[in-house]
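Each chain, letter by letter, is given below.
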Amino acid sequence: MSLSGSIMLYSISRGQLRALGSGLVRDPKIHGNYVVWLQGGTSATEVILSDITTNVSQSLAGPVPPTFQVQIGSRFAVWTSLEGDYDIEVFDFELDARYAITATARTDERYPSTAGDWIAWQARDTDSPNGRIEAYNGRTGEMRIIVDDGAQNRLPSVDGNLIAFEGNKNGNFDVFVHR
């Protein structure tokens, strides 16, 4: 849902508040000197990146069909886009480039998380209720299936070399950590 408003930044040490962007904005995430958010309505969305040290904002993607679930880490800004299937797209700060890391037909890839060189996401074939957790290493180009055990696996979160996610292998959703 898009709400008309502003993306605000508050400096705790300085006690200062400032607006970074306004309009139909949502889902701000911050990492270091960067803030990323989604801007736009239900038919077209942009992924906006603001460098808070230079006060410069830029569009990383868009306007594109609905965009969801933006995240940011030290190397990547990642988001889910919808163009037929859900796919994971990234902006790589080291390469100063935007690219898709998934484009699998009849597979929805969503809920990306990123830390360091790793990006993880939830993948589900459109004809299956079950999901798997997949990951990509931006440094090596390695794609990895973390878990594909016939259960619903969802909502990964990456920190360093650890990926935590929910899984219901035992009939209930439990939290698992992959090292």
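Each chain carries its own residue numbering, running from 1 in the direction its sequence is written. Note on the predicted model: pLDDT of at least 70 is required for a residue's local features to be given, and 80 or more for side-chain atom pairs to be given and counted; whole-chain, interface and lining totals, by contrast, use all residues. To obtain the side-chain values, all non-hydrogen atoms of the structure were included, while hydrogens and water were left out.

Undergrad: Just checking my understanding: could you explain the side chain of N137 for this structure?
TA: The numbering of helices and of strands both runs from the N terminus, where a helix is a DSSP run of H or I of at least 4 residues and a strand a run of E of at least 2. Looking at where N137 falls in the secondary structure, it is placed in strand β12 (residues 132-137). When accessible area is computed with a 1.4 Å probe and restricted to protein chains, residues below 20% of their type maximum are described as buried, those above 50% as exposed, and intermediate ones as partly exposed. N137 gets classed as buried once you look at its relative accessible area, which sits at 9%. Note on contacts: a residue pair is in contact if any heavy atoms of the two residues lie within 4.5 Å. When neighbours within four sequence positions are excluded, N137 is seen to be in contact with D117, W118 and E142.

Undergrad: Is there a simple way to think about a nonpolar patch on the surface in this case?
TA: On the surface, M8, Y10, I12 and L17 cluster together to form a nonpolar patch covering roughly 480 Å² of accessible area. Structurally, M8 is set in strand β1 (residues 3-11). Residue M8 is classed as partly exposed on the basis of its relative accessible area of 43%. Like-charged residues are merged into a patch within 9 Å and nonpolar side chains (Val, Leu, Ile, Met, Phe, Trp, Tyr) within 5 Å, provided each residue has over 30% relative accessible area and no salt bridge. All accessible areas in this document rest on Shrake-Rupley with a 1.4 Å probe, and a residue is counted as covered only by the protein chains that are shown. Salt bridge criterion: a side-chain nitrogen from Lys or Arg within 4 Å of a carboxyl oxygen from Asp or Glu.

Undergrad: Got a minute to help me understand the pairing of β12 in this structure?
TA: Every other side chain in a regular strand lies on the same face of the sheet, so the side chains alternate between the two faces. Most of β12 is tucked away, with six of its six residues classed as buried. In β12, alternate side chains face the same way, and those of R132, E134 and Y136 on one face and I133, A135 and N137 on the other are all buried. A pair of strands is considered paired only if DSSP assigns at least 2 bridges between the two. The pairing of strand β11 (residues 118-125) with β12 spans six bridges and is classified as antiparallel. Bridging from a neighbouring strand, W118 pairs with N137 of β12. Remark: six residues form the turn of the hairpin made by β11 and β12, two consecutive strands paired antiparallel. With four bridges connecting them, β12 and strand β13 (residues 143-147) associate as antiparallel partners. Along β13, the bridge assignment pairs E134 with I145. Linking two consecutive strands that pair antiparallel, namely β12 and β13, is a turn of five residues; a positive phi of about 80° is found at G141 within it.

Undergrad: How should the pairing of strand β15 (residues 162-167) be read in this particular structure?
TA: Residues I163, F165 and G167 line the buried face of β15, whereas the alternating positions L162, A164 and E166 sit on a face that is not buried. Sheet topology places strand β14 (residues 153-159) next to β15; five bridges connect them, and they run antiparallel. Residue pairing in the sheet places S157 in a bridge with A164 of β15. Linking two consecutive strands that pair antiparallel, namely β14 and β15, is a turn of two residues; a positive phi of about 60° is found at G160 within it.

Undergrad: Help me understand the pattern of salt bridges in this model?
TA: Oppositely charged side chains are able to pair whenever their charged atoms sit close together. For the coordinates displayed, the defined rule picks out 13 salt bridges. With a shortest N-O distance of 2.8 Å, R75 and D92 are connected by a salt bridge. Placement of R75 in the loop between β6 (67-72) and β7 (76-83) and of D92 in strand β8 (residues 85-92) is noted, with a sequence separation of 17 residues between them. Since its relative accessible area comes to 0%, D92 is described here as buried.

Undergrad: Mind showing me how you'd approach the packing of aromatic side chains here?
TA: Aromatic ring pairs are reported here in terms of the distance separating the ring centres and the angle at which the planes meet. Pairing of aromatic side chains here covers Phe, Tyr and the six-membered ring of Trp, requires ring centres within 6.5 Å, and sorts the geometry by plane angle: under 30 degrees stacked, over 60 edge-to-face, intermediate tilted. Counted according to the given criterion, the structure contains two aromatic pairs. Aromatic side chains Y34 and F93 sit 4.9 Å apart centroid to centroid with 20° between the ring planes, which places their arrangement in the stacked category. Here F93 lies in the loop between β8 and β9 (97-100) and Y34 lies in strand β3 (residues 34-40), a separation of 59 residues in the sequence. On the basis of relative accessible area, Y34 is assigned to the partly exposed category, the value being 29%.

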